[in-house]
Amino acid sequence: MMPRSAQSAPAGAEPAKRSRPARRGSTPLPETLWVLLLLVAPVLAASGEPALAQDGGEHLGLEHHLEWEEFQSPQISPDGDKIVYTRRFRDPVNDGWDSEVWMMNADGSRDRFLLEGSNPQWSPDGTRIAYVAEGKPQGSQIYVRWMDAEGATSQVTRLDESPSNLRWSPDGERIAFQARVPEDPDPEWSISLPDRPEGADWAADPHIEDRPNYRQDGVGMLPRGHQHIFVVSSTGGSARQLTQGDYDHTSPEWTAGGERIVFQSYREEDADLAWRQGDIYDLSVATREIRRLTDIPGAHSNPTPSPDGDHIAFTGHEFTHDTFYENELYVMDADGGGVRELAAELDRAPIGPQWAPDGSGVYFTAEKDGHRHIYFAPLEGGVEQVTEGEWVVHLFSLAGDGTGAGTLATAHDPGSLVRLDPVGSPGAPREPRNLKSSNADLLADVELGEVEEIWFESFDGWDIQGWIVKPPDFDPSQEYPLILAIHGGPHVMWDVAFDFAWHEHAANNYVVLYTNPRGSSGYGSEFGNAIDHAYPGDDYHDLMAGVDAILERGYIDEDNLFVYGGSGGGVLTAWIVGHTDRFTAAVSKAPVINWLSFVGTTDGYTWYNNFRERPWDDPSEHLERSPLMYVGNVTTPTMVLTHERDLRTPISQSEELYMALQQEGVPTAMVRMKEGWHNRREPPSNFYRVQELLRNWFERHMVGETPVTADDRSPG
């Protein structure tokens, strides 16, 4: 069958005019009614009334997200009989999420609530689990629950700082973890003020900084201190600090004998100023003596000791000035010698390395061409793909017999718990067995649109991958408005997994196109590094080639092309409207507009290293790559949207774009989101606002009939 993009009308024939999709009401709603409907939407959702599709079926709506759930980090018991996992539920009252630990049999039966908390970890003998929950004196604490009929639970720690990365010792007697150790105030900053008059109302003391990394998006001003490694008895007691110094120590893992712990750090002078540096160390639990195991310049992490104690697997990359690189998988002897690379021919970044129970090699997950699969790297060399399919799968844990537990998502499955049975050799292909699907009941009566994978050729012959999300009642003889969605990063990969935002846009009669232009991860180092010191650049042409490819299919209304992106996608959105007028309207979310003013105000000083020169030495590259320099070309109505507390791409960037567009007389608006940080999906109510505001802006500028939105539907 000839692909639609290759079909053509007979010579001399006039192309058939396609009709626009039938609309569920074409009269614009009064502004006051829009506000009223937005206010009562949660009430309608709470009443259980579904959004009705045009043909009477139910379409996805924001009200469905009020009951959303997610499965995280399934952990299979050492004997392979049971699986514990974290189950996250929407908490619409408090505008957040609740976490619980659930347990099921390994065949999916007897799925039941276990306890309040998260991040459960089985003890080596399978008799207990350690987990994190709220406790005394404050914040998160480590608990241990016995997995017998009695189910006794004990609070193991009483810390002032929250613990993370819990790991059982091989004998089950101790638990290692990491936690922040605060620093004492610097006495050199002590000053003396005149005596304050009684009742005086003076200004608060200033915040004084002398660290290069002093704030973090989602946190704010970072408290002074460093991450250190501790051990505590699994029966409770005082935690013992194993590491010292002004360095961060993370990712602790016990060696097979239980005498040493391996971890990641960079214990060098001026470690806070280091860029792309990290080493693997180990320490004696008894003496706290630390030794460095790696001496390869570059960033190395995720140390994972083998079951027999002879080897340590880890991930990382030798130092490079390239903007992007795919991490590699390494293995070394337990004393740091004999370092060699595994799975080099794959050229994809390994995620979550885990040893086969017999120590014959390392399992890991990797992104590849818009999907995520499980791979096996034997010690003797080579790499074997374990799973195959149109999905995103992640392996979280392995039982002693090689049975695996993980999660899997597809274009229409938001996420399932799966089991991988041991079959044949360690790396033999396996079919994930679905144990439980998230949101299955919620989506049982919801009609989702088709998601179609496409490949298209860009201007210079590079093949680019993307996906088309179609409305549930899609009719190829009609014309639909298009939304081009652009990912951030820019070195990340969008994949085939279910995305609520795109399906909800499609349910409102839009066709959504999302792609992975050059610079995306998951396609190898050459593809990812193709925008080295050239971003934005040719990735813009990849995006335009994607729009051209979908226009050839004939079902897109060329008068109504819309574009949005967040973070790095916001950069490209602002770049697009400065380089073409083909889009009807655009929304640039949390963008970078001016690299000169961005690199010193974002929450990490290392962004300076993404340019060949410092701006005070030569600002030309910063200016050339700044969307602000092309605002004079913009005619597209462009809205900017950013959280006021965003520290990754500070709202001052959005303000620069907004004021520049105002100067140029371009239709614009600035949306200053409250409460959240850089992530526009948190808190969840802001995700709903973003969805509605995007379409609000698009529909304000749409040519002809407005598309139907969730608010146009009858509530029942």
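Up top you'll find the structure we're talking about.
Residues numbered from 1 in each chain as written. Predicted model: local features only at pLDDT ≥ 70, side-chain atom pairs only at ≥ 80, totals over all residues. Heavy atoms only, no water.

Student: Which residues make up the overall build of the protein, and what values do they have?
Tutor: A count of helical and extended segments in the protein gives 11 helices and 38 strands. The globule rule puts the C-alpha radius of gyration for 716 residues at 27 Å, and the 27 Å found for the protein is close to it. By principal-axis analysis of the C-alpha atoms, the protein measures approximately 85 × 75 × 55 Å. A separation of at least 24 residues holds for 56% of the contacts in the protein among residues at least 6 apart in sequence. The centroid of the 56 positive side-chain charges in the protein is displaced by 3 Å from the centroid of its 115 negative side-chain charges. (Helix = DSSP H or I, 4+ residues; strand = E, 2+ residues; numbered from the N terminus. Rg over C-alpha atoms; globule rule 2.2 N^0.38 Å. Contact = heavy atoms within 4.5 Å. Lys, Arg positive; Asp, Glu negative; His and termini not counted. Charge placed at Lys NZ, Arg CZ, Asp CG, Glu CD.)

Student: Give a detailed account of empty space enclosed by the protein, specifying residues and quantitative values.
Tutor: The probe, sized like a water molecule, is rolled over the atoms to show the empty space still left. As enumerated under the stated definition, the model contains 2 cavities of 30 Å³ or more in all. The calculated volume of the largest cavity comes to roughly 40 Å³. Ala-411, Val-451, Val-469, Val-496, Ala-497, Phe-498, Asp-499, Trp-502, His-503 and Tyr-514 together form the lining of the largest cavity. Looking at the lining of the largest cavity residue by residue, the class counts come to 8 nonpolar, 1 polar and 1 charged. (1 Å grid on protein atoms, 1.4 Å probe; cavity = no way out; pocket = protein on both sides within 12 Å on 5 of 7 lines; lining within 4 Å. Points joined across faces, edges and corners; volume = space filled by probe spheres on them. Nonpolar A, V, L, I, M, F, W, Y, C, P; charged D, E, K, R; others polar.)

Student: Go over the packing of aromatic side chains with me, naming the residues and quoting the values.
Tutor: For the coordinates displayed, the defined rule picks out 32 aromatic pairs. Ring centres 6.3 Å apart and planes at 70 degrees place the aromatic pair Tyr-510 and Phe-562 in the edge-to-face group. With Tyr-510 in the loop between helix 4 (500-507) and strand 34 (511-516) and Phe-562 in strand 35 (residues 556-566), this pair connects stretches of sequence that are 52 residues apart. When the ring of Phe-562 is compared with that of Phe-698, the centres are 4.7 Å apart and the planes differ by 25 degrees; the resulting orientation is stacked. Note that Phe-562 is positioned in strand 35 and Phe-698 in helix 11 (residues 684-700), a separation of 136 residues in sequence. The aromatic ring of Trp-97 is capped on one face by Arg-90, whose charged end is 5.9 Å from the ring centroid. Directly above the ring of Trp-146 sits Arg-128, whose terminal nitrogen or CZ lies 5.2 Å from the centroid. (Phe/Tyr/Trp six-rings, centres within 6.5 Å; stacked < 30°, edge-to-face > 60°. Lys NZ or Arg CZ within 6 Å of the ring centre and 35° of its normal.)

Student: Kindly report on the side chain of Arg-90, identifying the contributing residues and their values.
Tutor: Note that Arg-90 resides in strand 2 (residues 82-91). In this structure, Arg-90 is buried with no salt-bridge partner, the nearest side chain bearing the opposite charge being Asp-95 at 4.4 Å. At 2.8 Å, the side chain of Arg-90 and the backbone oxygen of Gly-96 are in polar contact. (Buried < 20%, exposed > 50% of the residue type's maximum accessible area, 1.4 Å probe, protein only. Salt bridge = Lys/Arg side-chain N within 4 Å of Asp/Glu carboxyl O. Polar contact = N/O pair within 3.5 Å; in protein donor to acceptor, adjacent residues only side chain to side chain.)

Student: Any chance you could break down the environment of Glu-431 for me, citing the residues and the numbers?
Tutor: Assignment of secondary structure puts Glu-431 in the loop between strand 29 (416-420) and strand 30 (433-437). Glu-431 sits in the exposed class, given a relative accessible area of 56%. Expressed as a C-alpha distance, the spacing of Glu-431 and Val-362, which sit 69 residues apart in the sequence, is 19 Å. Residues in contact with Glu-431, not counting those within four places in the same chain, are Trp-391 and Arg-419.

Student: Can you lay out a nonpolar patch on the surface for me, pointing to particular residues and giving the numbers?
Tutor: On the surface, Ile-191, Leu-193 and Trp-202 cluster together into a nonpolar patch covering about 330 Å² of accessible area. Mapping Ile-191 onto the fold places it in the loop between strand 10 (174-182) and strand 11 (215-216). Residue classification places Ile-191 among the exposed residues on the basis of a relative accessible area of 66%. (Patch = residues over 30% accessible without salt bridge, like charges linked within 9 Å, V, L, I, M, F, W, Y side chains within 5 Å. Areas by Shrake-Rupley, 256 points an atom, 1.4 Å probe, with all protein chains shown as cover.)

Student: Tell me about unusual backbone geometry, and name the residues and values.
Tutor: Going from Lys-136 to Pro-137, the amide bond is cis rather than trans, its omega being 5 degrees. Relative to the helices and strands, Pro-137 is located in the loop between strand 6 (128-134) and strand 7 (140-146). With an omega dihedral of -10 degrees, the bond running from Glu-682 to Pro-683 counts as a cis peptide bond. Mapped onto the secondary structure, Pro-683 falls in the loop between strand 38 (668-673) and helix 11. The backbone of Asn-165 shows a phi angle near 55 degrees, a positive value even though the residue is not glycine. Mapped onto the fold, Asn-165 is located in strand 9 (residues 164-168). Assessed through its relative accessible area of 32%, Asn-165 is described here as partly exposed.

Student: Quick rundown of the layout of surface pockets? Include the residues and the values.
Tutor: If you add up the space inside the second largest pocket, you get close to 1,700 Å³. Along the wall of the second largest pocket there are 45 residues; nearest its centre are Gln-75, Gln-121, Arg-167, Glu-253 and Gln-354. Of all elements in the fold, only strand 1 (69-76), strand 5 (118-122), strand 9, strand 15 (250-254), strand 19 (298-305), strand 23 (350-355) and strand 27 (392-398) reach the threshold of two or more residues within the lining of the second largest pocket. For the lining of the second largest pocket, the per-class residue count stands at 22 nonpolar, 21 polar and 2 charged.

Student: Outline the side chain of Arg-419, listing residues and values.
Tutor: Along the polypeptide, Arg-419 turns up in strand 29. For Arg-419, the side chain forms a polar contact with the side chain of Asp-421, separated by 2.6 Å. The contact partners of Arg-419, leaving out residues within four places of it in the chain, are Ala-106, Asp-107, Thr-403, Gly-404, Glu-431, Pro-432, Arg-433 and Leu-435.

Student: An account of the packing of helix 4 against helix 11 is needed here, citing residue identities and associated values.
Tutor: Two elements in contact, helix 4 and helix 11, have axes separated by 11 Å at closest approach and are oriented at 40 degrees. In terms of their interaxial angle, helix 4 and helix 11 are classed as oblique. Here helix 4 and helix 11 pass one another in a crossing that is right-handed. Together, Phe-500, Ala-501, Glu-504 and His-505 of helix 4 and Phe-687, Gln-691, Leu-694 and Arg-695 of helix 11 make up the contact between the two elements. Taken together, the residues that form the contact of helix 4 with helix 11 break down as 4 nonpolar, 2 polar and 2 charged. (Axes fitted to C-alpha atoms, helices over the stretch in contact; angles between N-to-C directions. Parallel < 35°, antiparallel > 145°, perpendicular 65-115°, else oblique. Left-handed = near helix turned anticlockwise from the far one by under 90°.)

Student: Talk me through the pattern of salt bridges; I want residue IDs and the actual numbers.
Tutor: One pass over the structure, following the stated rule, counts 34 salt bridges. Close ionic contact of Glu-452 with Lys-470 constitutes a salt bridge, the shortest N to O distance being 2.9 Å. Of the two residues, Glu-452 is situated in strand 31 (residues 451-457) and Lys-470 in the loop between strand 32 (463-469) and strand 33 (480-486); the sequence distance between them amounts to 18 residues. We classify Lys-470 as buried; its relative accessible area is 4%. One network of salt bridges, in which partners are shared, links Glu-183, Glu-209, Asp-210, Arg-211 and Arg-224.

Student: Can you break down the nonpolar core residue by residue, with the values?
Tutor: Among the nonpolar cores identified, the biggest contains 79 residues, and Leu-484 and Phe-698 are the most heavily contacted of them. Contact partners of Leu-484, with chain neighbours within four places excluded, come to Leu-513, Leu-543, Met-544, Val-547, Phe-562, Val-563, Tyr-564 and Phe-583. With 15 residues, the next largest nonpolar core counts Trp-68, Trp-97, Phe-500 and Ala-501 among its residues. (Core = buried A, V, L, I, M, F, W, Y, C linked by side-chain atoms within 4.5 Å.)

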